[in-house]
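Take a look at the letters that make up each chain.
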Amino acid sequence: MPTAAELRRTAKLHYRRAGLWTKARRGDLVSQLMLHERLADPYPLYERMRERGPVYRSRTGMYAITSHELCTRVLRDPAFARRNEEPQRLTPPGDQGPTADSSFLQEEVSDHMRWRRLVAPAFRPRKIGEYRRRTEEVAHRLLDAALAKGEFDLVNDYASPLPITVISELLGLSDIDVEQFAHYGFVTGKAIDGIRSTRQAVEFRTAVRELDALFAALVRRRRAEPGDDLVSELLRPQGGQELPEREIVGTCQLLLTAGFETTTNLVSNAVLRLKEHPAQWDKLVSDPELAPAAAEESLRYDPPVQYSIRAAREDFEAGGEKLPSGTILMLVLGAANRDHEVFDDPHRFDLTRPDAGSHLAFLSGAHYCVGAPLARMEADVALRVLAERVPGLRLTGDPGRRPTAALRGLLHLPVGA
Ligand code: HEM
(Lines give C-alpha, C1' and ligand atoms only; values in the text may rest on other atoms or scores of the structure.)
Protein backbone atom coordinates (compact mmCIF):
# COMPACT_ATOMS: atom_id res chain seq x y z
CA MET A 1 0.00 0.00 0.00
CA PRO A 2 1.31 3.47 -0.78
CA THR A 3 1.90 5.71 2.20
CA ALA A 4 -0.10 8.92 2.72
CA ALA A 5 2.99 10.93 1.82
CA GLU A 6 3.34 9.00 -1.44
CA LEU A 7 -0.30 9.58 -2.30
CA ARG A 8 0.05 13.31 -1.63
CA ARG A 9 3.15 13.39 -3.76
CA THR A 10 1.44 11.48 -6.58
CA ALA A 11 -1.54 13.85 -6.47
CA LYS A 12 0.88 16.77 -6.75
CA LEU A 13 2.59 15.09 -9.69
CA HIS A 14 -0.74 14.54 -11.45
CA TYR A 15 -1.52 18.17 -10.89
CA ARG A 16 1.86 19.18 -12.25
CA ARG A 17 1.38 16.90 -15.26
CA ALA A 18 -2.01 18.46 -15.98
CA GLY A 19 -0.23 21.84 -15.83
CA LEU A 20 2.31 20.58 -18.32
CA TRP A 21 -0.46 19.62 -20.75
CA THR A 22 -1.95 23.10 -20.54
CA LYS A 23 1.41 24.75 -21.06
CA ALA A 24 2.24 22.38 -23.92
CA ARG A 25 -1.02 23.26 -25.64
CA ARG A 26 -0.10 26.92 -25.31
CA GLY A 27 3.10 26.23 -27.19
CA ASP A 28 5.59 25.72 -24.37
CA LEU A 29 8.39 23.66 -25.90
CA VAL A 30 9.83 22.23 -22.65
CA SER A 31 6.36 20.98 -21.63
CA GLN A 32 5.98 19.38 -25.04
CA LEU A 33 9.30 17.64 -24.57
CA MET A 34 8.40 16.38 -21.09
CA LEU A 35 5.10 14.97 -22.31
CA HIS A 36 6.84 12.47 -24.56
CA GLU A 37 4.86 13.55 -27.59
CA ARG A 38 7.88 14.14 -29.73
CA LEU A 39 10.10 11.39 -28.51
CA ALA A 40 10.46 9.75 -31.88
CA ASP A 41 12.30 12.90 -32.93
CA PRO A 42 12.86 15.69 -30.38
CA TYR A 43 15.47 17.40 -32.56
CA PRO A 44 13.10 19.71 -34.50
CA LEU A 45 11.76 20.83 -31.11
CA TYR A 46 15.28 21.71 -30.00
CA GLU A 47 15.76 23.74 -33.19
CA ARG A 48 12.60 25.68 -32.38
CA MET A 49 14.01 26.41 -28.90
CA ARG A 50 17.29 27.48 -30.43
CA GLU A 51 15.50 29.90 -32.78
CA ARG A 52 14.46 31.82 -29.64
CA GLY A 53 18.12 32.27 -28.60
CA PRO A 54 20.56 30.20 -26.53
CA VAL A 55 18.34 30.42 -23.42
CA TYR A 56 14.71 29.42 -23.88
CA ARG A 57 12.40 30.61 -21.13
CA SER A 58 9.78 27.94 -20.46
CA ARG A 59 6.42 28.44 -18.77
CA THR A 60 7.42 25.61 -16.43
CA GLY A 61 9.74 28.11 -14.75
CA MET A 62 12.81 26.39 -16.18
CA TYR A 63 15.27 27.87 -18.66
CA ALA A 64 16.38 25.50 -21.40
CA ILE A 65 19.90 25.98 -22.74
CA THR A 66 20.58 24.74 -26.25
CA SER A 67 23.99 26.32 -26.83
CA HIS A 68 27.07 24.09 -26.53
CA GLU A 69 29.19 26.96 -25.25
CA LEU A 70 26.70 27.97 -22.57
CA CYS A 71 26.01 24.37 -21.43
CA THR A 72 29.76 23.85 -21.06
CA ARG A 73 30.14 27.09 -19.11
CA VAL A 74 27.38 26.14 -16.66
CA LEU A 75 28.70 22.60 -16.21
CA ARG A 76 32.19 23.84 -15.37
CA ASP A 77 31.09 26.60 -13.00
CA PRO A 78 30.66 25.65 -9.30
CA ALA A 79 28.07 28.44 -9.05
CA PHE A 80 25.62 25.92 -10.55
CA ALA A 81 24.63 23.00 -8.35
CA ARG A 82 23.49 19.58 -9.38
CA ARG A 83 21.74 19.07 -6.13
CA ASN A 84 18.47 20.94 -5.67
CA GLU A 85 18.75 22.84 -2.47
CA GLU A 86 15.11 23.85 -2.25
CA PRO A 87 13.24 20.78 -3.49
CA GLN A 88 9.74 22.32 -3.36
CA ARG A 89 10.64 25.28 -5.49
CA LEU A 90 13.46 23.93 -7.52
CA THR A 91 12.62 20.35 -8.40
CA PRO A 92 11.46 20.26 -12.00
CA PRO A 93 9.43 17.34 -13.34
CA GLY A 94 12.55 15.53 -14.39
CA ASP A 95 14.89 15.61 -11.45
CA GLN A 96 13.90 12.81 -9.13
CA GLY A 97 16.39 10.30 -10.30
CA PRO A 98 17.12 6.80 -9.28
CA THR A 99 20.40 7.79 -7.77
CA ALA A 100 18.96 8.01 -4.29
CA ASP A 101 20.24 9.62 -1.11
CA SER A 102 23.47 7.86 -0.39
CA SER A 103 25.01 8.24 -3.83
CA PHE A 104 27.73 10.75 -4.49
CA LEU A 105 25.63 12.54 -7.09
CA GLN A 106 23.86 14.06 -4.13
CA GLU A 107 26.92 14.96 -2.11
CA GLU A 108 28.51 18.35 -1.80
CA VAL A 109 31.72 18.95 -3.68
CA SER A 110 34.39 17.80 -1.18
CA ASP A 111 32.66 14.45 -0.57
CA HIS A 112 31.88 14.14 -4.22
CA MET A 113 35.57 14.43 -5.10
CA ARG A 114 36.46 11.85 -2.44
CA TRP A 115 33.95 9.42 -3.97
CA ARG A 116 35.18 9.99 -7.46
CA ARG A 117 38.72 9.20 -6.32
CA LEU A 118 37.50 6.01 -4.69
CA VAL A 119 35.72 4.60 -7.72
CA ALA A 120 38.19 5.92 -10.31
CA PRO A 121 40.55 2.88 -10.16
CA ALA A 122 37.76 0.67 -11.50
CA PHE A 123 37.78 2.67 -14.75
CA ARG A 124 41.53 3.02 -15.37
CA PRO A 125 42.86 1.86 -18.79
CA ARG A 126 44.38 -1.37 -17.41
CA LYS A 127 41.03 -2.37 -15.90
CA ILE A 128 39.14 -1.43 -19.05
CA GLY A 129 41.56 -3.70 -20.98
CA GLU A 130 40.64 -6.58 -18.65
CA TYR A 131 36.89 -5.92 -18.98
CA ARG A 132 37.31 -5.74 -22.75
CA ARG A 133 38.28 -9.40 -23.06
CA ARG A 134 35.27 -10.41 -21.02
CA THR A 135 32.97 -8.04 -22.97
CA GLU A 136 34.08 -9.64 -26.24
CA GLU A 137 33.33 -13.12 -24.89
CA VAL A 138 29.88 -12.08 -23.74
CA ALA A 139 29.11 -10.26 -27.02
CA HIS A 140 29.97 -13.38 -29.05
CA ARG A 141 27.98 -15.65 -26.75
CA LEU A 142 24.91 -13.39 -26.95
CA LEU A 143 25.17 -13.14 -30.72
CA ASP A 144 25.50 -16.94 -31.10
CA ALA A 145 22.22 -17.36 -29.24
CA ALA A 146 20.50 -14.48 -31.07
CA LEU A 147 21.55 -15.65 -34.54
CA ALA A 148 20.34 -19.16 -33.78
CA LYS A 149 16.84 -17.66 -33.55
CA GLY A 150 17.01 -16.16 -37.05
CA GLU A 151 15.23 -12.92 -36.29
CA PHE A 152 15.97 -11.38 -32.93
CA ASP A 153 15.48 -8.29 -30.80
CA LEU A 154 18.69 -6.29 -30.85
CA VAL A 155 17.82 -4.60 -27.55
CA ASN A 156 16.76 -7.52 -25.38
CA ASP A 157 18.98 -10.16 -26.94
CA TYR A 158 22.16 -8.10 -27.27
CA ALA A 159 22.37 -4.41 -26.29
CA SER A 160 20.79 -4.88 -22.87
CA PRO A 161 22.31 -8.13 -21.49
CA LEU A 162 25.82 -7.10 -22.58
CA PRO A 163 26.34 -4.10 -20.23
CA ILE A 164 24.23 -5.72 -17.50
CA THR A 165 26.62 -8.68 -17.41
CA VAL A 166 29.72 -6.47 -17.51
CA ILE A 167 28.68 -4.05 -14.75
CA SER A 168 27.41 -6.86 -12.48
CA GLU A 169 30.74 -8.66 -12.77
CA LEU A 170 32.62 -5.42 -12.16
CA LEU A 171 30.67 -5.00 -8.94
CA GLY A 172 31.22 -8.64 -7.96
CA LEU A 173 27.71 -10.00 -8.57
CA SER A 174 27.55 -13.41 -10.18
CA ASP A 175 24.64 -15.46 -11.56
CA ILE A 176 22.36 -12.46 -11.83
CA ASP A 177 18.91 -12.56 -13.37
CA VAL A 178 19.50 -10.40 -16.45
CA GLU A 179 15.79 -9.84 -17.10
CA GLN A 180 15.20 -8.74 -13.54
CA PHE A 181 18.09 -6.30 -13.83
CA ALA A 182 16.74 -4.97 -17.12
CA HIS A 183 13.48 -4.36 -15.24
CA TYR A 184 15.34 -2.43 -12.50
CA GLY A 185 17.02 -0.34 -15.19
CA PHE A 186 13.69 0.39 -16.86
CA VAL A 187 11.97 1.37 -13.59
CA THR A 188 14.79 3.57 -12.29
CA GLY A 189 15.42 5.14 -15.70
CA LYS A 190 11.74 6.02 -16.10
CA ALA A 191 11.72 7.68 -12.68
CA ILE A 192 14.20 10.31 -13.90
CA ASP A 193 11.30 11.97 -15.74
CA GLY A 194 9.36 12.07 -12.47
CA ILE A 195 7.04 9.63 -10.73
CA ARG A 196 3.65 9.97 -12.37
CA SER A 197 1.40 7.44 -10.64
CA THR A 198 1.06 5.60 -7.36
CA ARG A 199 1.78 2.39 -9.19
CA GLN A 200 5.01 3.80 -10.53
CA ALA A 201 5.95 5.08 -7.04
CA VAL A 202 5.47 1.60 -5.58
CA GLU A 203 7.35 -0.04 -8.44
CA PHE A 204 10.24 2.36 -7.98
CA ARG A 205 10.36 1.94 -4.20
CA THR A 206 10.31 -1.86 -4.58
CA ALA A 207 13.15 -1.81 -7.10
CA VAL A 208 15.30 0.41 -4.88
CA ARG A 209 14.60 -1.79 -1.84
CA GLU A 210 15.43 -4.98 -3.69
CA LEU A 211 18.66 -3.51 -5.00
CA ASP A 212 19.54 -2.29 -1.51
CA ALA A 213 19.02 -5.78 -0.09
CA LEU A 214 21.03 -7.35 -2.91
CA PHE A 215 24.01 -5.04 -2.39
CA ALA A 216 23.85 -5.24 1.42
CA ALA A 217 24.15 -9.04 1.08
CA LEU A 218 27.02 -8.63 -1.38
CA VAL A 219 28.86 -6.31 1.02
CA ARG A 220 28.50 -8.89 3.80
CA ARG A 221 29.83 -11.64 1.52
CA ARG A 222 32.81 -9.58 0.40
CA ARG A 223 33.62 -8.54 3.95
CA ALA A 224 33.94 -12.23 4.83
CA GLU A 225 35.60 -13.22 1.56
CA PRO A 226 37.22 -10.38 -0.42
CA GLY A 227 37.56 -10.77 -4.20
CA ASP A 228 38.96 -8.81 -7.14
CA ASP A 229 35.96 -6.53 -7.53
CA LEU A 230 34.96 -2.96 -6.80
CA VAL A 231 33.00 -3.76 -3.63
CA SER A 232 36.02 -5.54 -2.09
CA GLU A 233 38.08 -2.49 -3.07
CA LEU A 234 35.63 -0.09 -1.42
CA LEU A 235 35.65 -2.25 1.73
CA ARG A 236 39.39 -1.78 2.21
CA PRO A 237 39.99 0.82 4.96
CA GLN A 238 40.72 4.23 3.41
CA GLY A 239 43.14 6.36 5.47
CA GLY A 240 42.59 4.01 8.40
CA GLN A 241 38.79 4.34 8.20
CA GLU A 242 36.19 1.99 6.80
CA LEU A 243 33.47 3.44 4.61
CA PRO A 244 29.98 3.15 6.06
CA GLU A 245 28.04 0.26 4.50
CA ARG A 246 25.28 2.67 3.46
CA GLU A 247 27.70 4.58 1.26
CA ILE A 248 29.04 1.43 -0.36
CA VAL A 249 25.53 0.18 -1.10
CA GLY A 250 24.59 3.62 -2.50
CA THR A 251 27.63 3.63 -4.76
CA CYS A 252 26.81 0.16 -6.09
CA GLN A 253 23.25 1.24 -6.85
CA LEU A 254 24.47 4.35 -8.60
CA LEU A 255 27.02 2.50 -10.71
CA LEU A 256 24.53 -0.18 -11.62
CA THR A 257 21.67 2.12 -12.58
CA ALA A 258 23.89 4.76 -14.25
CA GLY A 259 25.96 2.09 -15.90
CA PHE A 260 23.81 -0.12 -18.06
CA GLU A 261 20.58 1.54 -19.16
CA THR A 262 22.64 4.32 -20.77
CA THR A 263 25.01 1.89 -22.50
CA THR A 264 22.11 -0.23 -23.75
CA ASN A 265 20.62 2.92 -25.23
CA LEU A 266 23.91 3.96 -26.82
CA VAL A 267 24.29 0.62 -28.62
CA SER A 268 20.66 0.45 -29.77
CA ASN A 269 20.55 4.12 -30.85
CA ALA A 270 23.79 3.61 -32.77
CA VAL A 271 22.55 0.50 -34.60
CA LEU A 272 19.27 2.18 -35.52
CA ARG A 273 21.07 5.27 -36.85
CA LEU A 274 23.55 3.14 -38.79
CA LYS A 275 20.75 1.19 -40.41
CA GLU A 276 18.86 4.41 -41.23
CA HIS A 277 22.03 5.59 -42.98
CA PRO A 278 23.02 2.49 -44.99
CA ALA A 279 26.16 4.09 -46.46
CA GLN A 280 27.46 4.60 -42.90
CA TRP A 281 26.69 0.98 -41.98
CA ASP A 282 28.53 -0.18 -45.11
CA LYS A 283 31.51 1.93 -44.09
CA LEU A 284 31.59 0.23 -40.69
CA VAL A 285 31.25 -3.22 -42.23
CA SER A 286 34.12 -2.60 -44.63
CA ASP A 287 36.27 -1.19 -41.82
CA PRO A 288 35.24 -2.38 -38.32
CA GLU A 289 38.09 -0.25 -36.93
CA LEU A 290 35.55 2.56 -37.33
CA ALA A 291 33.50 1.15 -34.42
CA PRO A 292 34.80 3.70 -31.84
CA ALA A 293 34.04 6.50 -34.34
CA ALA A 294 30.53 5.09 -34.84
CA ALA A 295 29.98 5.10 -31.06
CA GLU A 296 31.29 8.67 -30.78
CA GLU A 297 29.15 10.02 -33.62
CA SER A 298 26.12 8.28 -32.16
CA LEU A 299 26.83 9.84 -28.74
CA ARG A 300 26.82 13.20 -30.48
CA TYR A 301 23.91 12.67 -32.85
CA ASP A 302 21.50 10.81 -30.56
CA PRO A 303 22.79 10.89 -26.96
CA PRO A 304 21.33 8.45 -24.40
CA VAL A 305 21.03 11.26 -21.82
CA GLN A 306 19.16 14.16 -23.43
CA TYR A 307 19.30 16.71 -20.66
CA SER A 308 20.70 17.45 -17.21
CA ILE A 309 19.32 19.86 -14.63
CA ARG A 310 21.28 22.49 -12.73
CA ALA A 311 20.25 25.13 -10.16
CA ALA A 312 21.99 28.52 -9.94
CA ARG A 313 23.43 29.24 -6.50
CA GLU A 314 23.96 32.94 -7.40
CA ASP A 315 22.54 35.59 -9.73
CA PHE A 316 24.04 35.30 -13.19
CA GLU A 317 23.77 36.51 -16.77
CA ALA A 318 23.26 34.24 -19.77
CA GLY A 319 22.21 34.86 -23.36
CA GLY A 320 21.64 38.53 -22.53
CA GLU A 321 19.26 37.71 -19.64
CA LYS A 322 19.88 38.49 -15.99
CA LEU A 323 18.71 35.50 -13.97
CA PRO A 324 18.38 35.25 -10.19
CA SER A 325 19.86 32.70 -7.81
CA GLY A 326 17.58 29.65 -7.65
CA THR A 327 16.93 29.62 -11.41
CA ILE A 328 16.58 26.08 -12.76
CA LEU A 329 18.43 25.33 -15.96
CA MET A 330 17.70 22.46 -18.28
CA LEU A 331 20.92 21.78 -20.15
CA VAL A 332 19.70 20.19 -23.36
CA LEU A 333 22.63 17.97 -24.29
CA GLY A 334 20.80 16.63 -27.36
CA ALA A 335 20.57 20.21 -28.67
CA ALA A 336 24.11 21.27 -27.67
CA ASN A 337 25.42 18.26 -29.61
CA ARG A 338 23.83 19.66 -32.76
CA ASP A 339 24.92 23.26 -32.26
CA HIS A 340 25.72 24.82 -35.65
CA GLU A 341 28.37 26.99 -34.00
CA VAL A 342 30.41 23.90 -33.11
CA PHE A 343 29.56 21.14 -35.58
CA ASP A 344 29.58 21.47 -39.32
CA ASP A 345 26.21 20.42 -40.81
CA PRO A 346 25.18 19.10 -37.36
CA HIS A 347 22.12 17.09 -38.48
CA ARG A 348 24.29 14.89 -40.70
CA PHE A 349 25.18 11.47 -39.25
CA ASP A 350 28.76 10.90 -40.33
CA LEU A 351 31.25 8.39 -38.94
CA THR A 352 34.17 10.32 -40.35
CA ARG A 353 33.30 13.60 -38.60
CA PRO A 354 36.64 14.74 -37.14
CA ASP A 355 35.26 16.52 -34.06
CA ALA A 356 32.40 14.18 -33.02
CA GLY A 357 34.16 13.73 -29.66
CA SER A 358 33.40 17.35 -28.71
CA HIS A 359 29.86 16.26 -27.77
CA LEU A 360 28.48 16.70 -24.26
CA ALA A 361 26.88 13.25 -24.01
CA PHE A 362 29.00 12.46 -20.94
CA LEU A 363 28.74 16.05 -19.73
CA SER A 364 31.71 18.23 -18.82
CA GLY A 365 33.17 19.51 -15.57
CA ALA A 366 32.97 18.02 -12.08
CA HIS A 367 30.23 15.49 -12.88
CA TYR A 368 31.74 14.22 -16.11
CA CYS A 369 30.62 10.58 -16.39
CA VAL A 370 33.06 8.36 -14.49
CA GLY A 371 31.95 5.36 -16.53
CA ALA A 372 32.69 6.96 -19.92
CA PRO A 373 35.77 4.77 -20.70
CA LEU A 374 33.77 1.64 -19.89
CA ALA A 375 30.77 2.76 -21.97
CA ARG A 376 33.03 3.62 -24.92
CA MET A 377 34.76 0.25 -24.77
CA GLU A 378 31.47 -1.68 -24.53
CA ALA A 379 29.95 0.22 -27.47
CA ASP A 380 33.12 -0.31 -29.52
CA VAL A 381 33.00 -4.08 -28.88
CA ALA A 382 29.23 -4.35 -29.43
CA LEU A 383 29.29 -2.50 -32.78
CA ARG A 384 32.51 -4.13 -34.01
CA VAL A 385 31.33 -7.69 -33.28
CA LEU A 386 27.97 -6.97 -34.90
CA ALA A 387 29.50 -5.46 -38.07
CA GLU A 388 32.01 -8.32 -38.39
CA ARG A 389 29.59 -11.16 -37.80
CA VAL A 390 26.33 -9.81 -39.23
CA PRO A 391 27.31 -7.58 -42.19
CA GLY A 392 23.87 -8.08 -43.74
CA LEU A 393 22.01 -6.97 -40.62
CA ARG A 394 18.56 -5.65 -41.53
CA LEU A 395 15.64 -4.13 -39.66
CA THR A 396 12.65 -6.47 -39.72
CA GLY A 397 10.10 -4.32 -37.90
CA ASP A 398 9.47 -0.95 -36.33
CA PRO A 399 11.58 0.05 -33.34
CA GLY A 400 9.76 0.53 -30.03
CA ARG A 401 10.85 3.59 -28.04
CA ARG A 402 11.32 3.86 -24.29
CA PRO A 403 8.64 6.16 -22.85
CA THR A 404 11.18 8.54 -21.35
CA ALA A 405 12.40 12.05 -22.15
CA ALA A 406 15.64 12.35 -20.14
CA LEU A 407 16.93 8.95 -21.23
CA ARG A 408 16.63 8.28 -24.92
CA GLY A 409 16.69 4.75 -26.24
CA LEU A 410 14.76 1.80 -27.58
CA LEU A 411 12.68 -0.90 -25.95
CA HIS A 412 12.77 -3.15 -29.02
CA LEU A 413 14.61 -3.25 -32.32
CA PRO A 414 13.60 -6.27 -34.42
CA VAL A 415 16.44 -7.34 -36.72
CA GLY A 416 17.49 -10.26 -38.89
CA ALA A 417 20.79 -11.48 -40.34
C1 HEM B 1 26.67 5.62 -23.00
C2 HEM B 1 26.70 5.43 -21.73
C3 HEM B 1 26.65 6.55 -20.71
C4 HEM B 1 26.20 7.83 -20.82
C5 HEM B 1 25.61 8.51 -22.05
C6 HEM B 1 26.37 8.46 -19.54
C7 HEM B 1 26.06 9.77 -19.27
C8 HEM B 1 26.25 10.38 -18.05
C9 HEM B 1 25.89 11.75 -17.76
C10 HEM B 1 25.23 12.72 -18.75
C11 HEM B 1 26.22 11.98 -16.48
C12 HEM B 1 26.01 13.28 -15.70
C13 HEM B 1 24.68 13.29 -14.99
C14 HEM B 1 24.38 14.65 -14.42
O15 HEM B 1 25.21 15.22 -13.66
O16 HEM B 1 23.31 15.17 -14.71
C17 HEM B 1 26.81 10.78 -15.96
C18 HEM B 1 27.29 10.64 -14.68
C19 HEM B 1 27.71 9.45 -14.18
N20 HEM B 1 27.84 8.26 -14.84
FE21 HEM B 1 27.50 7.93 -16.77
N22 HEM B 1 26.93 7.54 -18.68
C23 HEM B 1 27.11 6.37 -19.35
C24 HEM B 1 27.66 5.21 -18.87
C25 HEM B 1 28.08 5.04 -17.59
C26 HEM B 1 28.67 3.84 -17.06
C27 HEM B 1 28.99 2.58 -17.89
C28 HEM B 1 28.90 4.06 -15.73
C29 HEM B 1 29.49 3.16 -14.69
C30 HEM B 1 29.64 1.90 -14.77
C31 HEM B 1 28.47 5.41 -15.44
C32 HEM B 1 28.54 5.99 -14.20
C33 HEM B 1 28.29 7.31 -13.95
C34 HEM B 1 28.45 7.93 -12.65
C35 HEM B 1 28.93 7.24 -11.40
C36 HEM B 1 28.10 9.27 -12.79
C37 HEM B 1 28.15 10.36 -11.73
C38 HEM B 1 29.42 11.16 -11.90
C39 HEM B 1 29.50 12.33 -10.95
O40 HEM B 1 28.48 12.85 -10.53
O41 HEM B 1 30.61 12.74 -10.64
N42 HEM B 1 27.98 5.97 -16.58
N43 HEM B 1 26.82 9.82 -16.93
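Shown above is the structure to which this text applies.
Everything in this summary refers to the structure shown in the same document. (Residues numbered from 1 in each chain as written. Predicted model: local features only at pLDDT ≥ 70, side-chain atom pairs only at ≥ 80, totals over all residues. Heavy atoms only, no water.)

### Details of the coordination of the iron atom of the ligand
Now for step 1: The protein gives the iron atom of the ligand a lone donor atom, Cys-369 (SG), placed 2.3 Å from the metal.
Now for step 2: Mapped onto the fold, Cys-369 is located in the loop between α16 (333-336) and α17 (372-389). (Donors = N, O, S within 2.8 Å, 3.2 Å for Na, K, Ca; no water. Helix = DSSP H or I, 4+ residues; strand = E, 2+ residues; numbered from the N terminus.)

### A few points about the site of the ligand
Now for step 1: Inspection of the region around the ligand gives 28 residues, with His-112, Arg-116, Ser-308, His-367 and Cys-369 positioned closest.
Now for step 2: Between the ligand and Arg-116, the relevant distance is 2.6 Å, taken from an oxygen atom to a side-chain nitrogen or oxygen of the residue.
Now for step 3: Within the contact set of the ligand, an oxygen atom lies 3.1 Å away from a side-chain nitrogen or oxygen of Arg-310.
Now for step 4: Those elements giving two or more residues to the shell around the ligand turn out to be α6 (109-119), α13 (245-276), β5 (307-312) and α17.
Now for step 5: It is α13 that provides the largest number of residues to the shell around the ligand, a total of seven residues.
Now for step 6: Residues that form the shell around the ligand fall into these classes: 18 nonpolar, seven polar and three charged. (Near = heavy atom within 4 Å. Polar contact = N/O pair within 3.5 Å; in protein donor to acceptor, adjacent residues only side chain to side chain. Nonpolar A, V, L, I, M, F, W, Y, C, P; charged D, E, K, R; others polar.)

### Some words on the packing of aromatic side chains
Now for step 1: For the structure on display, the rule yields five aromatic pairs.
Now for step 2: When the centroid spacing of 5.5 Å and the interplanar angle of 85 degrees are considered together, the rings of Tyr-43 and Tyr-46 count as edge-to-face. Of this pair, Tyr-43 and Tyr-46 both sit in helix α3 (residues 43-51), three residues apart, which is roughly one turn of the helix.
Now for step 3: The class of Tyr-46 is buried, set by a relative accessible area of 1%.
Now for step 4: Where Phe-80 meets Phe-316, the ring centres are 4.9 Å apart and the plane angle is 85 degrees; that geometry is what we call edge-to-face. With Phe-80 in strand β3 (residues 80-81) and Phe-316 in strand β6 (residues 316-318), this pair connects stretches of sequence that are 236 residues apart. Taken individually, Phe-80 and Phe-316 each receive the classification buried, so the pair is uniform in this respect.
Now for step 5: When the ring centre of Phe-343 is taken as origin, the NZ or CZ atom of Arg-300, which lies over that ring, is 5.2 Å away. (Phe/Tyr/Trp six-rings, centres within 6.5 Å; stacked < 30°, edge-to-face > 60°. Buried < 20%, exposed > 50% of the residue type's maximum accessible area, 1.4 Å probe, protein only. Lys NZ or Arg CZ within 6 Å of the ring centre and 35° of its normal.)

### Regarding the side chain of Thr-263
Now for step 1: Within the secondary structure, Thr-263 is located in helix α13.
Now for step 2: A distance of 3.1 Å separates the side chain of Thr-263 from the backbone oxygen of Gly-259, its partner in a polar contact.

### Thoughts on the nonpolar core
Now for step 1: With 83 residues, the main nonpolar core has Tyr-158, Leu-171, Phe-215, Leu-284, Leu-383 and Leu-386 as its most contacted residues.
Now for step 2: With 12 residues, α13 is the single largest residue contributor to this core.
Now for step 3: What Leu-171 contacts, discounting residues up to four positions off in sequence, is Phe-215, Leu-218, Asp-229, Leu-230, Val-231, Cys-252, Leu-255 and Leu-256.
Now for step 4: Grouped together as the second largest cluster of nonpolar side chains are 26 residues, Ala-24, Leu-45, Ile-192 and Leu-407 included. (Core = buried A, V, L, I, M, F, W, Y, C linked by side-chain atoms within 4.5 Å. Contact = heavy atoms within 4.5 Å.)

### Observations regarding the pattern of salt bridges
Now for step 1: By the definition in use, this model includes 25 salt bridges.
Now for step 2: A salt bridge links Glu-289 to Arg-384, with the shortest nitrogen-to-oxygen separation between them at 3.0 Å. Taken together, the residues span a long stretch of sequence, with Glu-289 in the loop between α14 (278-286) and α15 (291-301) and Arg-384 in helix α17 at a distance of 95 residues.
Now for step 3: Judged by relative accessible area, which is 56%, Glu-289 ranks as exposed.
Now for step 4: Judged by relative accessible area, which is 15%, Arg-384 ranks as buried.
Now for step 5: Within this structure, Arg-132, Glu-136, Glu-289, Asp-380 and Arg-384 form a network of salt bridges that share partners. (Salt bridge = Lys/Arg side-chain N within 4 Å of Asp/Glu carboxyl O.)

### Overview of the packing of α15 against α17
Now for step 1: Where α15 meets α17, the closest approach of the two axes is 8 Å, and the angle between their N-to-C directions is 120 degrees. Crossing of α15 against α17: the hand is right-handed. Contacts between α15 and α17 involve Ala-291, Pro-292, Ala-294, Ala-295 and Glu-296 from the first element and Arg-376, Ala-379, Asp-380, Leu-383 and Arg-384 from the second.
Now for step 2: Residue composition of the contact of α15 with α17, by class: six nonpolar, no polar and four charged. (Axes fitted to C-alpha atoms, helices over the stretch in contact; angles between N-to-C directions. Left-handed = near helix turned anticlockwise from the far one by under 90°.)

### Remarks on the pairing of strand β8 (residues 328-332)
Now for step 1: The element β8 is extensively covered by neighbouring structure, given that five of its five residues are classed as buried.
Now for step 2: Of the two faces of β8, the one lined by Ile-328, Met-330 and Val-332 and the one lined by Leu-329 and Leu-331 are each fully buried.
Now for step 3: Two elements, strand β2 (residues 62-65) and β8, share four bridges in a ladder whose sense is parallel. Note that in β8 the partner of Tyr-63 across the bridge is Leu-329. (Pairing = 2+ DSSP bridges.)

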